Amino acid sequence: MQEKYSFPKIESKWQKEWLDNKAYKTEENSSKPKYYALAMFPYPSGDLHMGHVRNYSIADVIARYKRMTGHNVLHPIGWDSFGLPAENAAIKHQTPPADWTWKNIANMRRQLQEMGISYDWDREVATCHPSYYKWTQWLFLEFYKHGLVYKKKAAVNWCPSCATVLANEQVVDGGCERCDTLVTKKSLEQWFFRITDYADVLLEDLDKLPGWPEKVKTMQRNWIGRSEGVEVNFALEERPEKILVYTTRIDTVFGVSYVVLAPEHPLVLKLVKGTGYEADVLAFIEKMNGLNEIARTSTDAEKEGMFIGAYCLNPLSGKEVPIWIANYVLLEYGTGAVMGVPAHDERDFEFAAKYGLEIKTVILPEGSSPEEKELPLKAAYTEEGFMVNSGAFDGLSSQEALERMADEAERMGMGQRKVNFRLRDWLISRQRYWGAPIPMVYCDSCGTVPVPEEQLPVLLPPDVVFKSGENPLATSSSFIETTCPKCGGAARRETDTMDTFACSSWYFLRYTDPQNTQEAFSKENVNYWMNVDQYVGGVEHAILHLLYARFFTKALKDFGYLDAEEPFQNLLTQGMVCMNGSKMSKSKGNVVSPGAIIGKYGADTARLFILFAAPPERDLEWSDQGVEGCYRFLNRVWRLVAQFEPLLKADPSSSKASSDRWVKLDAEGKEMRRHTHSAIQKVTIDIGKRYNFNTAISTIMEWVNALYLYKERPNADPEVGREALEGILTLLAPIAPHITEELWRELGHTDSIHLQPWPSVDEAALVQDEVTIILQVNGKVRDRIQAAADISADELEKLALAQPKVEEFTQGKTVVKVITVPGKLVNIVVK
């Protein structure tokens, strides 16, 4: 074999071999247990970054390991290829979005193949291909048919630069997540998915996901935001309408000193008429219209409001309460009205202090004297206690008052118990071109009509004009003008496209049957593969993609298309790749190109480093020295095989040595075998159960060092060496697939190392005849000796006391005590 490790030649050779022979093609019909390993598919931006390398290397190690442990593995890849960047590139470079996207896909596909990822490329999908988005449109129609789609006019987050609607989750610190432009509010007719119908089950079933990180489940729980409370009616003076307020703390209702309406609340303009406050209120409303809800409700935002000149009545006390409007109350959340209880809510306390509103204590901590109810508060008291200033409820615990006040409100017809959710329906309309067209048409005679399934896909037209601030689909008459599927008359197509998250909420289902032209996926295939056994991706998708994918899966189960209740059984959220403590990004100028690293050191080195530098769930700090160290290690493995070849050829006996041969080994041979099987045991646990790839690699490195020492022994047994060497290569194969494939063939094997069974542990080899015993005198190490592993405590004590170095430190002194830990140490305490 060649003395030098030539990675360019080796890696290109095996990549071609694997691709040409479809080495990782998935079999549908197999007697093996199935395993679905999946990493979140990438957006084709042009080039892979180090985050991609980490994500896909982690998933690939899992997939390769599972193949070697006897599983039928599905490990697919595709492209989340709709979205604004392609459209922005079209505007900037006058390039059709499709051309830009497919060029990027070709480049990134090549880069993934250069990484040696074991994908079944026959299952590749792209969300922008008509064969895919046809079924995204079909899913929209299924949701529509089952009452989970509707259209309504709504105030939405609007990015003036991207000229499109943004979901709340796509607004970061008041700006567009794509371009950082300040997001404003705009009222538009929009399509929604009724995800709130699934709020309860999405929340409850999080408990069925023990394989998910707790932090992700907590983020989803908080986003869904279930609360139990009471809807109470605050009557208006001399008006039939009532202000409906939802509260989880009806026990504080006697402490209400004001009620706040959202500036957009329909009652505001009615109530302010003739009060003298109308001009100021209209100006305030106009100001709020220019702000998005993230900016208005941020904990850092200053609370602003104003009195509108009207009053309502407290439902339990009957007291007159002033009505205000404020920036922190939103029409879309709850009822668009909140009751202000400054004494027992931090936000209300801050607001009341700013505007000089009454702060009335109605709950005191246990142990307080009732007289304290009249003392001014320095801060809001938000804990439980006993009731004061609350009429007939005085003296009750706040928990008991909570129930009794709710009962009273219901008895009086002033309120009712209700469960509320923070979660809002999913707004999917986007006024952009590069997305799946919404398959609906508008007919003057028939109204809104869904496109029949046989007419799908509704294709994106090529004759559009890209201008900043305009919906490109609205410029295509060939697209807009159509016929009504019901009456055959003239009709207009919907020009909105779907949020790209609609495309990524079901791609894992399409992978189970990607060539199917008759349906999105067959029930047989999807039920065989689902759910995904291991999903790998960033924690930043916790309340977007991961929640939406769960919604889609549950809805499709209810429709009868699959049996899985959850899409992803286990979830691994990998950390970021950082440099100098910051996430790698072009804007910070701290990006390392995967292509450059692969070109200089090879894909196996890149994979090895990215897996060795940190546990997968933690952030990884980039280190050029670390990369070089991993490259040197692979060279050591190469040289080890090169140096072992003559020894193996000198003893061409069967590589399957008999147990008799192992029994006759000398102590050094037995110790090498113990090291081998101890390493197999540790690596199997680290890769197969814990995903601690970094410690697995460390164990393999120590194993290589031990084998280097063993081969220098005069009586080194070739079969002990072969067992260790083949074990090293087999366990390293999922991590560094190219070099291990090459060296496996150099050892005389004709089949792929990636088809080998995962090595099993020989328990007999782990049994030690002798162990190293540490000898201490007064707690200080004075010597080390070899002793029989089964030596008794008494015999070990006598052996220790007889050692010359021990005698040197005990001579002339009294032995007070001897502490013996069999198999480990002896500590002799002397005076």
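Everything numeric here is computed off the predicted structure, so don't read it as measured data.

A.B. asks: Looking at this structure, I do not really get the overall build of the protein chain. What am I missing?
C.D. replies: A tally of regular secondary structure across the protein chain gives 28 helices and 34 strands. Taking the principal axes of its C-alpha atoms as reference, the protein chain extends roughly 105 × 80 × 50 Å. The 831 residues of the protein chain split such that 54% are buried. The long-range fraction of contacts in the protein chain, counting pairs at least 24 apart against all pairs at least 6 apart in sequence, stands at 71%. Accessible surface, the protein chain: about 36,400 Å² in total, of which carbon and sulfur atoms supply 49%. Here the protein chain contributes 94 positive and 113 negative side-chain charges, whose respective centroids are spaced 3 Å apart.

A.B. asks: Got a minute to help me understand the sheet that holds strand β19 (residues 426-427) in this structure?
C.D. replies: In any sheet, the strands associate via hydrogen bonds between backbone groups, in a parallel or an antiparallel arrangement. Sheet architecture is open: four strands sit in the order β6-β5-β9-β19, paired in antiparallel fashion. Only two strands of the sheet have a single neighbouring strand rather than two, namely β6 (164-166) and β19. In the sheet, strand β5 (residues 149-159) pairs with strand β9 (residues 184-193) via 10 bridges, with the strands oriented antiparallel. Each bridged residue has a counterpart across the sheet, and for N157 the counterpart in β9 is K185. In this fold helix α5 (residues 130-145) packs onto β5 and β9, with an angle of close to 85 degrees to the strand it touches most, β9.

A.B. asks: Explanation requested: helix α24 (residues 718-732) in the structure shown.
C.D. replies: Residue pairs three or four apart in sequence face the same way in an α-helix, which turns once every 3.6 residues. In this model, α24 (15 residues) spans 21 Å end to end at C-alpha, consistent with the 21 Å of a helix rising 1.5 Å per residue. Extensive coverage of α24 is indicated by the burial of 14 of its 15 residues. Sitting at the amino-terminal end of α24 is D717, which places a side-chain oxygen 2.8 Å from the backbone nitrogen of E719.

A.B. asks: I would appreciate a short explanation of the domain arrangement of the protein chain in the present structure.
C.D. replies: Interface size is often expressed as the accessible area that is lost when the parts come together. Structurally, the protein chain comprises domain 1 (8-223 + 430-438 + 496-585 + 598-621), domain 2 (226-421), domain 3 (645-765) and domain 4 (770-830). For domain 2 versus domain 4, the distance between C-alpha centres works out to 76 Å.

A.B. asks: Mind showing me how you'd approach unusual backbone geometry here?
C.D. replies: If a residue is not glycine, its phi is most likely negative; likewise, a peptide bond is most likely trans. Cis geometry marks the peptide bond from L456 to P457, where omega comes out at 5 degrees. With respect to the helices and strands, the residue P457 is situated in the loop between β22 (447-450) and α13 (477-480). Looking along the chain, the bond that leaves M530 and enters N531 is cis, with omega of 5 degrees. For N531, the location among the structural elements is in the loop between α16 (523-529) and β26 (534-537). At D180, a residue that is not glycine, the phi angle is positive and equals roughly 70 degrees. Positionally, D180 belongs in the loop between β8 (175-176) and β9. If you check the backbone angles, Y691 has positive phi at about 55 degrees while not being a glycine.

Parameters and conventions
Residues numbered from 1 in each chain as written. Predicted model: local features only at pLDDT ≥ 70, side-chain atom pairs only at ≥ 80, totals over all residues. Heavy atoms only, no water. Helix = DSSP H or I, 4+ residues; strand = E, 2+ residues; numbered from the N terminus. Buried < 20%, exposed > 50% of the residue type's maximum accessible area, 1.4 Å probe, protein only. Contact = heavy atoms within 4.5 Å. Areas by Shrake-Rupley, 256 points an atom, 1.4 Å probe, with all protein chains shown as cover. Lys, Arg positive; Asp, Glu negative; His and termini not counted. Charge placed at Lys NZ, Arg CZ, Asp CG, Glu CD. Pairing = 2+ DSSP bridges. Axes fitted to C-alpha atoms, helices over the stretch in contact; angles between N-to-C directions. Expected span 1.5 Å × (residues − 1). Polar contact = N/O pair within 3.5 Å; in protein donor to acceptor, adjacent residues only side chain to side chain. Domains from an automatic or database assignment.

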